[in-house]
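Understanding the architecture of this molecule
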Amino acid sequence: MMPENQRHPTGQEQSPALIQNSGQGKFGEIIIYDELRKQLAHVSLALFKELIRRFAWRKIDWRKLFLAGAVMSIAGIILPTFLLAYHRNSRFESPNGTMHLSKNLTEARLDKSQLVTSAPFVSLNSSIEAKESARVLRMRQNRRKTIDVLKVVHPPPRRMVPRHLQRYLQSLSSHEALLYAKREIEHAPLVENVGNNSYLYAPVFRNISIFKRSYELMEMILKVYIYRDGKKPIFHQPRLNGIYASEGWFMKLMEANREFVTKEPEKAHLFYLPYSSRQLELALYVRNSHNLRPLSKCLRDYVNMIASKYPFWNRTHGSDHFLVACHDWGPFITTEHVELKDNAIKALCNADLKENFVVGKDVSLPETAIRIASKPLRNIGGGIRVSQRPILAFFAGKMHGSVRPKLLKHWLNKDADMRIYGPLSRRVSKNMSYVRHMKSSKYCICPMGYEVNSPRIVEAIYYECVPVIIADNFVLPLSEVLEWKAFSVTVAEIDIPKLKEILLAIPLKRYLQMLMNVKMVQKHFLWNPNPMRYDLFHMILHSIWYNRLNQIQIPQS
C-alpha cells in the first residue's frame, strides 16, 4: 500500500519520483524568487548610497535621477507581483492539472502568505462543523450591525391635498385656518386598519383617529416663523450631544426645514424663539453662584426687543410663540417676563406640575442623551429576547436628588434580580456595559434626579426595555397623544420599597404587550438627521401645534 502522504486527494496513487520532482521544482521556484528579491534590495541600496553621495557633492543630474526612480518603481512593483502570482499558482497546481495543497509546504509558509485573518480551522471532511462555523460568523456580523445601525422603517408618504382645498386654505387668515383645523379634528373620522401592519400602532396612542387627523392638518396648514434676531452662541447655535440635546436637535432641524418654515411672518401660525437654555447657562452662569437672574434677564430683554421690533408678540401677548428648553433651569429662566411665563407655549424637559407647567398649553419635551452627534441612532434597538433576559430590573447613575438615594437604600446589593447601582463601576461595566445591561433587563428603572425629568426614559425605549418611571408630578413626554401606560410602568416614590413586588405582580402577557409597544413607539422618539414623518422632530412640533389649537375658542353660532 502507498503511504497516506503519497496519495492524491482524488484517491489516485502517485509515483515517489513524481512527488519528489514536483517538490524540488516548487522549492527551486521559491529559491529563485527569494534570490531575485535579494538582488533588487542590493541594487536599491547601492543606488540610494550613490544618491546620497551626489547630494553631498551637489552633482545631481535630475533627469537621470527621475529616470532611475521611475525604472526602480516599475521594477519594484511589476516584477514581484508577476513572480508572486506565478509562485502562488505553482503551489496549488499539480502536474495533472488538478488543484491541491503541496504537503511539502510548511504551515508557517501558508500563514505568511495569507492576506486576511483566517477563520477557525475546520476539518475539510466535516460539513456540519463548517456550516456551524459559518452560522456563528453570520450571527456575530449581524450583532455588530445591530449595535451600530438601526433598521429604519420608512413611513407612508403624505396624502395629496386636492387643489380646491389648497386654494381654500390659502384664502384663510392664520386665525381662520386654526379654527378650520380645530373643527376638523373634533369631527375626525374613525381610523381603521391600525393593526400590526400599520405604521401608526393604535395601542400606543390615546386616540389614533384624532392624532392622525391632527397630524395631517398640521402638514397641510402649519407655518412657523423663526426670528432671525439674537446672537450666537445663545441663539441659533444648537448643541447636538449630551443629555440636553433635544433642544439643539429641534433647533437644528427646525431652522433647516422648508416644509413648515415661512419667511413671511404675516402667514405664520406659530413663532419660534430660537435660543438654547444650555448655551445660555454656559455663556452667562457664574459657577457655584446659584444665581439664575442673569439668564432670566437675558431672555426677558430678548422678548422685549422682539415685542418692540415686531407687531406679532403684542397681537396675542405671546400665546402663539413657543420656546424649546431641555435644561433643568428651563422653567426658571422665563420668570422675569410675565407674558413669556404665562402665555407662551413652553416645550420643557423639566415638565413639573409644581413649577408652572400648564397641561394643555405647555409640552413635555423628551430628554434624549446623544453621545455622538454624528450618530444619533447608534446602539438603538437590539434588545435580547425575553427568555434570555437574566435581569428583572436595572438602574445605574449618579445620586442626584432625593429619590435615587432611597432607591439604593432599599435595593443596592439586596436582591440578585434587582441590579441597582450608583455610578456603574469599571468592575461591573467590564463584564457588561450600561447599554448591554438595559438590553438584558425586563424593566429599566427611571428615577428622577434633581428635577423630574430623566434621559433614562427615552434610553429604555431606545434599548427595548420597559421603563419604570419614579417621579411624582412629572408630566410624561408627548402625553397629549401618547398612551404611556401601554408601554411603561409608573411607580410612586413612596412605593420604592415594594418595587420588586409591583413588577412581579405584572402578568407575563401584559409585560409582553408592553415590550411590543415599546418597540412600536420607538420610531416616534428618534432624531433622524433627515427628518421623517412621525419621528421625534415632527412629534414635538405636532404637540406644540396641538396645544396651540387647544387655546383657540370656536365661536358659538
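Residues numbered from 1 in each chain as written. Predicted model: local features only at pLDDT ≥ 70, side-chain atom pairs only at ≥ 80, totals over all residues. Heavy atoms only, no water.

By the naming in an unreviewed UniProt entry, the protein is Putative glycosyltransferase, taken from Gossypium australe. Database annotation for the protein, UniProt heading Sequence similarities (unreviewed entry): "Belongs to the glycosyltransferase 47 family." As stated in UniProt under Subcellular location (unreviewed entry), the record for the protein gives "Golgi apparatus membrane". (UniProt positions renumbered as here; feature names shortened; annotations may be inferred.)

**Some thoughts on the overall build of the protein**
The helix and strand tally for the protein stands at 19 helices and 10 strands. Expressed as a percentage of the 557 residues in the protein, the buried residues total 45%. In the protein, of all internal contacts separated by at least 6 residues, the share reaching a separation of at least 24 is 71%. (Helix = DSSP H or I, 4+ residues; strand = E, 2+ residues; numbered from the N terminus. Buried < 20%, exposed > 50% of the residue type's maximum accessible area, 1.4 Å probe, protein only. Contact = heavy atoms within 4.5 Å.)

**Some points on the sheet that holds strand S2 (residues 270–272)**
Working definition: the strands of a sheet are paired by backbone hydrogen bonds and lie parallel or antiparallel to each other. Judged by pairing direction, the sheet is parallel, and its 5 strands sit side by side in the order S1-S2-S3-S4-S5 without closing on themselves. Edge positions in the sheet fall to strand S1 (224–226) and strand S5 (363–364), since each has one partner strand and no second. Judged from the 2 bridges that link them, S2 and strand S3 (residues 321–325) form a sheet pairing that is parallel. From the neighbouring strand, phenylalanine 271 faces S3, where its bridge partner is histidine 321. (Pairing = 2+ DSSP bridges.)

**With respect to the packing of aromatic side chains**
The relative placement of two aromatic rings is captured by the distance of their centres and the angle of their planes. Using the criterion set out here, one finds 24 aromatic pairs in the structure. With centroids separated by 5.1 Å and ring planes inclined at 20°, the aromatic side chains of phenylalanine 271 and phenylalanine 312 adopt a geometry described as stacked. Placement of the pair is phenylalanine 271 in strand S2 and phenylalanine 312 in helix H11 (residues 312–316), with a sequence separation of 41 residues. When its relative accessible area of 6% is taken as the criterion, phenylalanine 312 is described as buried. An angle of 15° between the planes, with centres 5.0 Å apart, marks the rings of tyrosine 272 and phenylalanine 322 as stacked. Taken together, the positions of tyrosine 272 in strand S2 and phenylalanine 322 in strand S3 put the pair 50 residues apart, joining distant regions of the chain. (Phe/Tyr/Trp six-rings, centres within 6.5 Å; stacked < 30°, edge-to-face > 60°.)

**Here we look at the pairing of S3**
The element S3 is largely enclosed, with a buried count of 5 among its 5 residues. Burial along S3 is two-sided: His321, Leu323 and Ala325 facing one way and Phe322 and Val324 facing the other are all buried. Pairing of S3 with strand S4 (residues 345–348), which is carried by 4 bridges, proceeds in the parallel orientation. Bridge pairing in S4 links alanine 325 to leucine 348.

**Here's the deal with the pattern of salt bridges**
Summed over all chains, the structure comprises 21 salt bridges. Note that aspartate 320 and arginine 315 form a salt bridge whose closest N and O atoms lie 3.8 Å from each other. Several salt bridges converge on common partners, so that one network encompasses Arg159, Glu184, Lys212, Arg213 and Glu216. (Salt bridge = Lys/Arg side-chain N within 4 Å of Asp/Glu carboxyl O.)

**Digging into the confidence of the model for the protein**
Looking at the protein, the pLDDT average stands at 83 and 73% of residues meet or exceed 70. In the model, residues 1–27 has pLDDT below 50 throughout and makes 25 contacts with residues more than four positions away in sequence or in other chains. Considering only residues more than four positions removed or in separate chains, one finds that residues 83–132, a stretch of pLDDT under 50, has 45 contacts. (pLDDT = per-residue confidence, 0-100.)

**A short note on the side chain of histidine 337**
Residue position: histidine 337 is located in the loop between S3 and helix H12 (338–342). Excluding anything up to four places from it in sequence, histidine 337 contacts Arg300, Val303, Asn304 and Trp313.

**Quick notes on the sheet that holds strand S10 (residues 489–490)**
What the 5 strands build is an open sheet, ordered S7-S6-S8-S9-S10; its pairing is parallel. Either end of the sheet is taken by a strand with one partner, and the two such strands are strand S7 (418–420) and S10. As paired elements, strand S6 (residues 391–395) and strand S8 (residues 441–447) share 3 bridges and run parallel to each other. Considered in S8, the bridge of alanine 393 is made with tyrosine 443. Along the sheet, helix H18 (residues 508–521) makes contact with S8, strand S9 (466–470) and S10, crossing S9 at roughly 95°. (Axes fitted to C-alpha atoms, helices over the stretch in contact; angles between N-to-C directions.)

**A word on the side chain of glutamate 367**
Residue placement: glutamate 367 occurs in the loop between S5 and S6. For the buried glutamate 367, which has no salt bridge, the nearest side chain bearing the opposite charge is arginine 404, at an N-O separation of 7.9 Å. Within the structure, the side chain of glutamate 367 is placed 2.6 Å from the side chain of asparagine 453, a separation counted as a polar contact. Not counting residues up to four positions away in its chain, the partners in contact with glutamate 367 are Ile243, Tyr244, Ser246, Cys326, Cys349, Asn453, Ser454, Pro455 and Val458. (Lys, Arg positive; Asp, Glu negative; His and termini not counted. Polar contact = N/O pair within 3.5 Å; in protein donor to acceptor, adjacent residues only side chain to side chain.)

**Remarks on helix H13 (residues 403–411)**
Two residues of an α-helix separated by three or four positions point the same way, owing to the 3.6 residues in each turn. What H13 keeps buried is the set Val403, Arg404, Leu407, Leu408 and Trp411. Across the axial projection of H13, the buried residues extend over an arc of 135°, all falling on one side. Structurally, H13 contributes buried residues whose contacts are with S6, S7, S8, helix H16 (456–462), S9 and helix H17 (499–504). A positive backbone phi angle near 60° is found at asparagine 413, which sits one or two residues after H13. (Arc of directions from axis to C-beta.)

**Things to note about the nonpolar core**
Residues Phe250 and Tyr443 are the most contacted members of the largest nonpolar core, which totals 147 residues. For this core, the element with the highest residue contribution is helix H19 (residues 536–550), accounting for 9 residues. Ignoring sequence-local partners within four residues, the contact set of phenylalanine 250 consists of Tyr272, Phe322, Val324, Trp527, Phe537, Ile540, Leu541 and Ile544. (Core = buried A, V, L, I, M, F, W, Y, C linked by side-chain atoms within 4.5 Å.)

**Remarks on helix H9 (residues 277–284)**
For H9, the full list of buried residues reads Ser277, Gln279, Leu280 and Glu281. In this structure, the buried residues of H9 make contact with helix H8 (245–255), helix H10 (293–309) and S3.

**Examining the environment of histidine 187**
Structurally, the position occupied by histidine 187 is in the loop between helix H6 (174–186) and helix H7 (208–221). On the accessibility criterion, histidine 187 (64% relative accessible area) is exposed. Within the local environment of histidine 187, its side chain forms a polar contact with the backbone oxygen of arginine 183, the two atoms lying 2.9 Å apart.

**A short note on the environment of aspartate 301**
Here aspartate 301 lies in helix H10. Owing to a relative accessible area of 42%, aspartate 301 belongs among the partly exposed residues under this scheme. In the structure, aspartate 301 is positioned 36 residues away from histidine 337 in sequence and 8.6 Å away in space, judged by C-alpha atoms.

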